[in-house]
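# Coordinate inspection notes
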Amino acid sequence: MAFTYRGGVLCAEEVSLEDVARQFGTPCYVYSRAAIERAYREYADELAGRPSLVCYSVKANSNLAVLSVMAQLGAGFDIVSGGELARVIAAGGDLAKVVFSGIGKSEIEIRDALQAGVLSINLESEQELARVNGIAIGMGKRAPVAFRVNPDVDAKTHPYISTGLKQSKFGIAYADAERLYREAARLPGIRLTGIGCHIGSLMNDSAPFVAATQRIVALLVRLEQAGIALAHIDLGGGMGIRYKDEAQAPIAAFVHGALDALGQRKEKVLLDPGRSIVGNAGILLTRVEYVKPGEAKNFVVVDAAMNDLLRPALYDAWHEIRQVRETESDGLAGVYDVVGPICESADFLARERKLAPRPGGLLAIMSAGAYGMAMSSNYNTRPRPAEVLVSGGEMHLARRRETTQELLALETIPQW
Ligand SMILES: *Cc1c(COP(=O)(O)O)cnc(C)c1O
């Protein structure tokens, strides 16, 4: 386990979180390199012996130090913007292992991706096909593309992160796929390389993922009969992690289920996991400002807030809270809501937790490695936290804390 108590103090690998707070302040994201590597290897091992590529979904945690860990492992990358492409380049990622997803790619983003030589542009509409074709012809290239097909499978997850149903904005309709592939096959700026899907995030059960794979395989067979051969099948990400005590299918169940559905097919298998690689590999370290007993509720007011970790406010997500000192000598035992300083009632990080906190003590918000820093903002003019990557007994400041001056620097006051 990446985060364990040693002598009563919570540690990231071998580094005490008290040391991290002393050196880099709070709030602060802390990631374990070993935990990231372990999660990646679980995918790689399950896929071993078959042509495959794990494309880490950059949006889950796009810190360059994290991307560099993935690049060194030989991972590919799933990106959704030109900014993420720039990050993969800066982190030394292999551009020939990059898939570019997203429904709103701009002309510049498409041009930059073609220039970079990505593995595949995942198309999500007929208009995008025409746009990519035109840009590629202008550049004297053939764009490698896959269609993201909407398999109309319910991922049975939170509606905000469910993406594979007919009413979803993502992907092309299943019924349109064969026609669009035939059309694309005739375009001079297009090289058909694959087919993809991604039905949602935080799937606890592998059944919808396997069902989606079966739907895509059925389509592959039809396309083959139409004379369209594809090199890869991209099954997306969305494998869940355990935040609390929910039943969670292991990575192996997703991979085995998909491989069974693929049977003897020879296409290269791509997976784009994000959360399941980094989610449990990170925590948000925060300091208790005040312990505030109330009439109806008790509050622990901490220095982290919804701008740092949006998931509780946005999805009512549950994150485990641990005291960095397992027992605070002068802690006040009770049931608390853990809240931030922001002027919104949605600014909570946890509700109704048994804790014995003391002002000045440290808390760790667990499983915050995915969609934590990546979704952070400067709301209430709060500088974003530092990020620290730990490896064994070493800590590396992967992103220093923002300063208030930096937040003001982009703005100007008119002189009229
Ligand atoms: C967000 C996304 C992923 C990663 O989802 P996780 O739930 O973090 O695994 C993978 N593929 C696509 C196309 C995505 O949009």
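It should be emphasised that the depicted structure is a prediction, and the values quoted were computed from it without experimental measurement.

## Section: the packing of helix 2 (residues 33-47) against helix 3 (residues 64-73)
In the contact formed by helix 2 and helix 3, the axes pass within 10 Å of each other and the chain directions differ by 45 degrees. The angle between helix 2 and helix 3 falls in the class oblique. At the point where helix 2 passes helix 3, the crossing takes the right-handed sense. Contact with helix 2, carried on its side by Arg33, Ile36, Glu37, Tyr40 and Arg41, involves Val66, Val69, Met70, Gln72 and Leu73 of helix 3 and no other residues of that element. Here the contact of helix 2 with helix 3 is built from residues that sort into six nonpolar, one polar and three charged.

## Quick look at the site of the ligand
Taken together, 14 residues lie near the ligand, and Lys59, Ser201, Gly238, Arg275 and Tyr371 sit nearest. Contact between the ligand and Lys59: an oxygen atom at 2.8 Å from a side-chain N or O atom of the residue. A distance of 2.6 Å separates an oxygen atom of the ligand from a polar side-chain atom of Tyr371. For the ligand, the accessible surface in isolation is 390 Å², of which the surrounding protein chains cover 93%. Looking at side-chain class alone, the shell around the ligand contains two nonpolar, seven polar and five charged residues.

## Quick word on the state of the cysteines
Overall, the coordinates contain zero disulfides when judged by the stated rule. Free of any disulfide, Cys197 has its nearest cysteine sulfur in Cys55, 14 Å distant.

## Observations regarding the packing of aromatic side chains
For the structure shown, the criterion picks out three aromatic pairs. Ring geometry for Tyr29 against Tyr31: centres 6.2 Å apart, planes inclined by 20 degrees, an arrangement best described as stacked. In terms of burial, Tyr29 and Tyr31 fall into one category: buried. Just above the ring of Tyr174 sits the side chain of Arg215; from NZ or CZ to the centre is 3.9 Å. In this structure, Arg351 packs its charged tip against the face of Phe348, placed 3.7 Å from the ring centre.

## Focus: the environment of Leu95
If you trace the backbone, Leu95 turns up in the loop between helix 4 (82-90) and strand 7 (98-100). In this structure, the C-alpha to C-alpha distance between Leu95 and Gly117, residues 22 residues apart in sequence, is 6.2 Å. Every residue in contact with Leu95, bar those within four places of it in the chain, is listed here: Leu85, Val88, Ile89, Ala116, Gly117, Val118 and Leu119.

## What to know about the domain arrangement of the protein
Along its sequence, the protein is carved into domain 1 (3-31 + 279-408) and domain 2 (33-275). With 23 residues of domain 1 at the interface, the matching set in domain 2 holds 20 residues. A combined buried area of about 1,900 Å² lies between domain 1 and domain 2, and 58% of that area is made up of carbon and sulfur atoms. Between the two partners, domain 1 and domain 2, sit zero salt bridges. Counting across the domain 1 and domain 2 interface gives eight residue pairs in polar contact (both at pLDDT 80 or more). Only helix 11 (311-315), strand 20 (386-391) and strand 21 (394-399) provide two or more residues apiece to the side of domain 1 that touches domain 2. Top contributing element to the side of domain 1 that touches domain 2 by residue count: strand 20, with four residues. Across the side of domain 1 that touches domain 2, the residue classes tally to 11 nonpolar, seven polar and five charged.

## Structural notes on the pairing of strand 19 (residues 362-365)
Here strand 19 shows two buried faces, one formed by Leu362 and Ala364 and the other by Leu363 and Ile365. In the sheet, strand 14 (residues 282-292) pairs with strand 19 via four bridges, with the strands oriented antiparallel. Its bridge partner lying in strand 19, Thr286 is registered against Leu363. For strand 16 (residues 321-323) and strand 19, the ladder comprises three bridges, and the chain directions are antiparallel. Its bridge partner lying in strand 19, Ile321 is registered against Ile365.

## A closer look at the sheet that holds strand 3 (residues 15-16)
Across the sheet, which stays open at both edges, the three strands sit in the order 1-2-3 with antiparallel pairing between neighbours. Two strands lie at the open edges of the sheet, namely strand 1 (3-6) and strand 3, each paired on one side alone. Pairing of strand 2 (residues 9-12) with strand 3 involves two bridges; the strand directions are antiparallel. Within the sheet, the bridge partner assigned to Cys11 lies in strand 3 and is Ser16.

Calculation criteria
Residues numbered from 1 in each chain as written. Predicted model: local features only at pLDDT ≥ 70, side-chain atom pairs only at ≥ 80, totals over all residues. Heavy atoms only, no water. Axes fitted to C-alpha atoms, helices over the stretch in contact; angles between N-to-C directions. Helix = DSSP H or I, 4+ residues; strand = E, 2+ residues; numbered from the N terminus. Parallel < 35°, antiparallel > 145°, perpendicular 65-115°, else oblique. Left-handed = near helix turned anticlockwise from the far one by under 90°. Contact = heavy atoms within 4.5 Å. Nonpolar A, V, L, I, M, F, W, Y, C, P; charged D, E, K, R; others polar. Near = heavy atom within 4 Å. Polar contact = N/O pair within 3.5 Å; in protein donor to acceptor, adjacent residues only side chain to side chain. Areas by Shrake-Rupley, 256 points an atom, 1.4 Å probe, with all protein chains shown as cover. Disulfide = S-S within 2.5 Å. Phe/Tyr/Trp six-rings, centres within 6.5 Å; stacked < 30°, edge-to-face > 60°. Buried < 20%, exposed > 50% of the residue type's maximum accessible area, 1.4 Å probe, protein only. Lys NZ or Arg CZ within 6 Å of the ring centre and 35° of its normal. Domains from an automatic or database assignment. Buried area = accessible area lost by both parts, 1.4 Å probe. Salt bridge = Lys/Arg side-chain N within 4 Å of Asp/Glu carboxyl O. Pairing = 2+ DSSP bridges.

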